[in-house]
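Secondary and tertiary structure notes
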Amino acid sequence: MSSPSIGAEPPYAGAPPDGEQGRGRAYLVTAMFLAPAAILLSVWILYPLIYTIWRSFYDSSGAHFIWLDNYKTLFSTDTTRTAIKNNAIWVAVVPALVTAIGLVFAVLTERIRWSVAFKIAVFMPMAVSLFAAGVIWRIMYQQEPSRGALNAVSAAVVDRVKQPGPLSDAFPSGTKLTGTPQTGIVLKTPVRPGSVALLPLTGIPPDQVPAGSVQARQPAPKAGAITGAVWRDFKPGGGTPGKLEKGEVGLPNVTVVLRDSSGKSIGSTTTGPDGRFVFAGVKPGAYRTAIGSATFRQPYGGVAWLGAKLINPAIMIAYIWVWAGFSMVVIAAGLAAIPRDTLEAARTDGATEWQVFRRVTVPLLAPVLSVVFITMLINVLKVFDIVLSVAPSSVQANANVIALAMWRTSFGGVNDFGLGSAIAVFLFLLVIPVLALNVRRFRREV
Amino acid sequence: MSRSRISLLVLGAALASLTALAATASGASHRKYAVSGNLSWTGIWTGAEQKNFQQVLNAFQKKFPGVKVKYTSAGDNTPQVLSTAVAGGKPPDLASVGQPGLVKQFAGRKAIKPIDFARALIAKNYTPSWITLGTYSGHLYGMVFKGANKSTIWYSVAAFKNAGVKPPKTWTQLLADAKTLRASGTPAYSVDGGDGWPLTDLFENVYIRTAGPAKYDLLAQHRLKWTDASVKVALKTMGQIYGDTSNIYGGTNGALQALLADSVNNVFSTPPKAAMTMEGDFVPTAATVKAKALTGYNVFPFPSILGSPPAVVGGGDTVVMFKDTPAARALISYLATPEAATIWAKLGGFSSPNKNVSASAYPDVLTRTTATALAKAKIFRFDMSDLAPAAFGGTAGQGEWKILQDFLRNPKDVNGTASKLEKAAATAYKK
């Protein structure tokens, strides 16, 4: 501050002694230099700003002055309230995370061998527009494992650990079975040796009927044995549920379990091509026949990243992915400027790496970290395009943010420029304190 | 100069019979340069639709060589583009928009000009409900050029064959068939819940059948509350489908993420992932998988509920005029003729509400069926959500779209849904 301002010197040094005229010319020169910027600023910033504030006091048609009604609506409508709440979460979470992740990356890249390659990889998303990044993540987040990359990876792991059953779509037919595909299916009434257990299943698509299956056959009762059949209880038109009819095929290779009266499994067998099975040599008593849940286990369905519950974290992850590179590069530059001898001195004094990081590196980096943090704060307050591109329209209301609400209200079909302007003014007021902080910091640095 | 001449021409055209009309129109080409000027048109039609509409414009420019029409596509952003253009004082000469609500808004602000000069000609070619639709405070402001029949259900022929069911004629039969389809291993329904509007279309189709067209009109103008018993009956009826979650492809969560193309592909793919999807006549153009009409997929009209008479709920893109010039008048008059509509009809993907377009103009059986049903329907009502203020019936993530998506999530909440709808409607209609 105390150093003489060099930029201001020349006009005064070159000013002629005859005061008035010279000062006038100096003003003129100043004005000429300022004019282009001043004109651009007033056309693109000042005029729209004033017009927006003025417009926010009018209704949607622009004909009636309605005082602060738009601002009342802003805080009383669910849509805008959700937007404000979400923006608050964004501000609380994202700038801090981006700065922290950038710091970690910056410090780590100093120590690894392929640091340039790593930096390029992390910085690469900055070259992609936020909207495009959003589209990429939207595709990766798709719930169906066959379509979304993230769920494809988790499905590959989960399905390997817990293999899906051969009849994952089947469910019990008729009224004589209890249980669900999730718990396993049990015949309601107990069976005794010499009787027949019928286990009809349905909901099996034609292409999932096991190969080699043939027309199901009614099993004959056999003394000392429990006989039965598992079959696809469906023929075109539906047929009669629970009844084994012509045109209905047996389900081979289904594991049927026999349980005693206490529920303990005492044996299992598999069905033949016509769906029949036999438990031979069964002692007298009441038993239950069941098909275990493993037969019906569904393939992994994927995480609903784009559902109402996860949509906000999902968008934030995408956003952090983009901005981590920026944060890393700025912090790495700051890191390079830190005097090495300070770090060395700390190490010589016996500080651990963590202590060096915590007590020396971070405090020295504080000005750079605050630059990143404040920049991110402003960016996050006006976050817009990535929300628009990641969130499907069914959950866009859950993911709404102030800038998106402003655009939707003004142009998204509602066409209420009054309320839209009010939202814009509100956003402007939110950004002002952060800007003030930034300006103060700039002054201090100069 | 030629304004009176054009209206004479139009009057003549209106009085003439079909063949005489063609003669008058070709007579116009002899009077070369009678009308001249440049027209700008901002429209909703993109891609193939834009190309096909360009053919219509080319035919017009052949007739009026003095007029140059420049079509700019704004697609789904048409409301934004037009609103901004109007606010900035530089609207195009003409525009085609998908939302009658927007037309009404523009008419209210006097941003668009009445097209009363073409009323007689339009009345000759359209059933009265279309005229009512374009009329605001006594003046005709819009003419629907491209219509859509939204009372259609598309099904996979293979899925129906596997299950041994035939297209249902009644709602009860539809529900029974759905059960059979589920037992056959194919989920019956593919629901496009990711976009909100297809849900409103199902509601409207159910409502016009359970409550009747008179109540439909009242509800569309919000002279009947959404908490009315008739709305609840319709919601309950919808719940018979939405509540059958194991019969919806992908379950409720999957449905809420499915967009139009996904829900159509589910039905059109081989083997089918789902058996039926309820949407308008534009369904085949939305498919991105290859499927053959009649052998791969087919269509049946929305079934009757408790003996309701056949009814068609539809939509359409309205042509409006921002600047009243002779050239603009000539183009609107031309578009009102069956001749203009036939050009696009022949190219496919188009249903004209013009009742004088001959059925043979449509290139395939399915379009012929859906388009004729649209133009000749005795009970025809415009898509209710399109008539509502956009804040209620036309904005993603709020109003009716959002509330019905919540209803799809929780189809048991009939009363809550009705009161949420009423609350949203009350705010939106007030403005």
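Since this is a predicted model, take the numbers as computed values, not measurements.

Structural notes on the domain arrangement of chain A
On domain assignment, one finds that chain A holds domain 1 (69-151 + 305-445) and domain 2 (171-296). Put simply, the middle of domain 1 of chain A and the middle of domain 2 of chain A, counted by C-alpha atoms, are 57 Å apart.

What about the sheet that holds strand S8 (residues 276-279) of chain A?
All names here are of chain A. Overall, mixed pairing links the four strands, which are arranged S1-S4-S5-S8 in an open sheet. In the strand order of this sheet, the two ends are held by strand S1 (171-172) and S8, each with one partner. Bridging between strand S4 (residues 196-202) and strand S5 (residues 226-232) involves six bridges; their strand directions are parallel. Among the inter-strand pairings, Val196 is bridged to a residue of S5, identified as Thr227.

Digging into the confidence of the model for chain A
With 95% of its residues at a pLDDT of 70 or more, chain A has an overall mean of 87. Residue range residues 1-11 of chain A is modelled with pLDDT below 50. Its contacts to residues more than four positions away, or to other chains, number two contacts.

A closer look at helix H12 (residues 229-242) of chain B
All names here are of chain B. The end-to-end C-alpha distance of H12, which contains 14 residues, comes to 19 Å, matching closely the 20 Å that a straight helix rising 1.5 Å per residue would cover. Residues of H12 that are buried: Val231, Ala234, Leu235, Met238, Ile241 and Tyr242. With its buried residues spanning 100 degrees around the axis, H12 presents them on a single face. If you follow the buried residues of H12, they end up packed against helix H10 (197-210), helix H21 (399-409) and helix H22 (414-430).

Structural notes on the interface of chain B and chain A
Of the residues lining the interface, 35 residues belong to chain B; the matching set on chain A comes to 33 residues. For the side of chain B that touches chain A, the secondary structure elements donating two or more residues are helix H4 (78-87), helix H8 (157-163), helix H9 (171-183), helix H13 (251-257), helix H20 (390-393) and H21 of chain B. Examining the composition of the side of chain B that touches chain A, we find that five residues originate from one element, H4 of chain B, more than from any other. Looking at the side of chain B that touches chain A, its residues break down into nine nonpolar, 21 polar and five charged.

A look at the pairing of S4 of chain A
Residues and elements named next belong to chain A. In terms of burial, S4 is largely enclosed, as six of its seven residues are buried. Note: S1 against S4, two bridges, orientation antiparallel. The residue of S4 that forms the bridge with Pro172 is Leu201.

Remarks on the packing of helix H8 (residues 311-337) of chain A against helix H10 (residues 353-381) of chain A
Residue and element names in this part refer to chain A. As a packed pair, H8 and H10 sit with axes 9 Å apart at the nearest point and diverge in direction by 160 degrees. The pairing of H8 with H10 is recorded here as roughly antiparallel in orientation. Seen along the crossing, H8 lies across H10 with a hand that is right-handed. Of H10, the residues touching H8 (which contributes Trp323, Ser327, Val330, Ile331, Gly334 and Leu335) are Leu365, Val368, Leu369, Val371, Val372 and Met376. Partitioning the contact of H8 with H10 into residue classes produces 10 nonpolar, two polar and no charged.

Rules behind the numbers
- Residues numbered from 1 in each chain as written.
- Chains lettered and ligands numbered in written order.
- Predicted model: local features only at pLDDT ≥ 70, side-chain atom pairs only at ≥ 80, totals over all residues.
- Domains from an automatic or database assignment.
- Pairing = 2+ DSSP bridges.
- Helix = DSSP H or I, 4+ residues; strand = E, 2+ residues; numbered from the N terminus.
- pLDDT = per-residue confidence, 0-100.
- Contact = placed C-beta atoms within 7 Å.
- Expected span 1.5 Å × (residues − 1).
- Buried ≥ 20, exposed ≤ 12 C-beta atoms within 10 Å, placed from the backbone.
- Arc of directions from axis to C-beta.
- Nonpolar A, V, L, I, M, F, W, Y, C, P; charged D, E, K, R; others polar.
- Axes fitted to C-alpha atoms, helices over the stretch in contact; angles between N-to-C directions.
- Parallel < 35°, antiparallel > 145°, perpendicular 65-115°, else oblique.
- Left-handed = near helix turned anticlockwise from the far one by under 90°.

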